[in-house]
Amino acid sequence: MENKMNEYKPNIKVINRIKRSEGQMRGVIKMMEEGQGCKDVVTQLSAIRTSIDRAMGIIVAENLAGCVAESAHDGSSHEESIKEAIDLLVKSR
């Protein structure tokens, strides 16, 4: 089986989540430039981090599901795909 972990077919919901995070980052920069409080800035950064973490989890989960389905279809082992997905999750933490 080819390495399918490097292929990703975008999910519109994940793309929209990342776009929202991008907008939130612009908002945080504006907050900092305007001298807003540390607590507010950190709260927004925490929300952005959570959103990005969820997007990464969805990307890895969707890719893993696709790899397992493909390996079941072509009769190959899905152990390598599972290991790669776990490695990606660990790397993202």
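Structure shown above.
Residues numbered from 1 in each chain as written. Predicted model: local features only at pLDDT ≥ 70, side-chain atom pairs only at ≥ 80, totals over all residues. Heavy atoms only, no water.

Caption draft 1: The overall build of the protein, seen in detail. Regarding its fold elements, the protein presents three helices and zero strands. Counted from the first residue to the last, the protein has its helices and strands arranged as α-α-α. When each of the 93 residues of the protein is scored for burial, the buried share is 20%. A fraction of 65% describes how many contacts in the protein between residues 6 or more apart in sequence connect residues 24 or more apart. (Helix = DSSP H or I, 4+ residues; strand = E, 2+ residues; numbered from the N terminus. Buried < 20%, exposed > 50% of the residue type's maximum accessible area, 1.4 Å probe, protein only. Contact = heavy atoms within 4.5 Å.)

Caption draft 2: View of the side chain of Ser-21. The residue Ser-21 is located in helix α1 (residues 12-33) in this model. Those residues within four positions of Ser-21 in sequence are excluded, and the remaining contacts are Ile-48, Ser-51 and Ile-52.

Caption draft 3: Representation of the environment of Glu-62 in the model. In this structure, Glu-62 sits in helix α2 (residues 38-74). Given a relative accessible area of 32%, Glu-62 falls into the partly exposed group. With 52 residues separating them in the primary sequence, Glu-62 and Pro-10 have C-alpha atoms 9.8 Å apart. Of note is the side chain of Glu-62, whose polar atom sits 2.5 Å from the side chain of Asn-11. (Polar contact = N/O pair within 3.5 Å; in protein donor to acceptor, adjacent residues only side chain to side chain.)

Caption draft 4: Looking closely at α1. Between the first and last C-alpha of α1 there are 32 Å, a value that for 22 residues agrees with the 32 Å anticipated at 1.5 Å per step. Every buried residue of α1 is listed here: Val-14, Arg-17, Ser-21, Val-28 and Met-31. Down the axis of α1, the smallest arc covering the buried residues is 85°, so these residues share one side. Those residues of α1 that are exposed and angled more than 90 degrees off the buried face are Ile-12, Lys-19, Arg-26 and Glu-33. Looking one or two places after α1, you find Gly-35, whose phi comes out positive at around 75°. (Expected span 1.5 Å × (residues − 1). Arc of directions from axis to C-beta.)

Caption draft 5: Layout of the pattern of salt bridges. Applying the stated criterion across every chain yields a total of one salt bridge. A salt bridge links Arg-26 to Glu-22; the shortest N-O distance between them is 3.0 Å. On the criterion of helical spacing, the pair formed by Arg-26 and Glu-22 is a turn pair, its members being four residues apart in helix α1. Relative accessible area serves as the criterion here: at 52%, Arg-26 is assigned to the exposed category. (Salt bridge = Lys/Arg side-chain N within 4 Å of Asp/Glu carboxyl O.)

Caption draft 6: Spotlight on the side chain of Arg-17. Within the fold, Arg-17 resides in helix α1. In this structure Arg-17 is buried but unpaired, with Glu-62 as the nearest side chain of opposite charge at 9.7 Å. Setting aside residues up to four positions removed in sequence, Arg-17 forms contacts with Ser-51, Arg-54, Ala-55 and Ile-58. (Lys, Arg positive; Asp, Glu negative; His and termini not counted.)

Read these as geometric descriptors, not functional statements.
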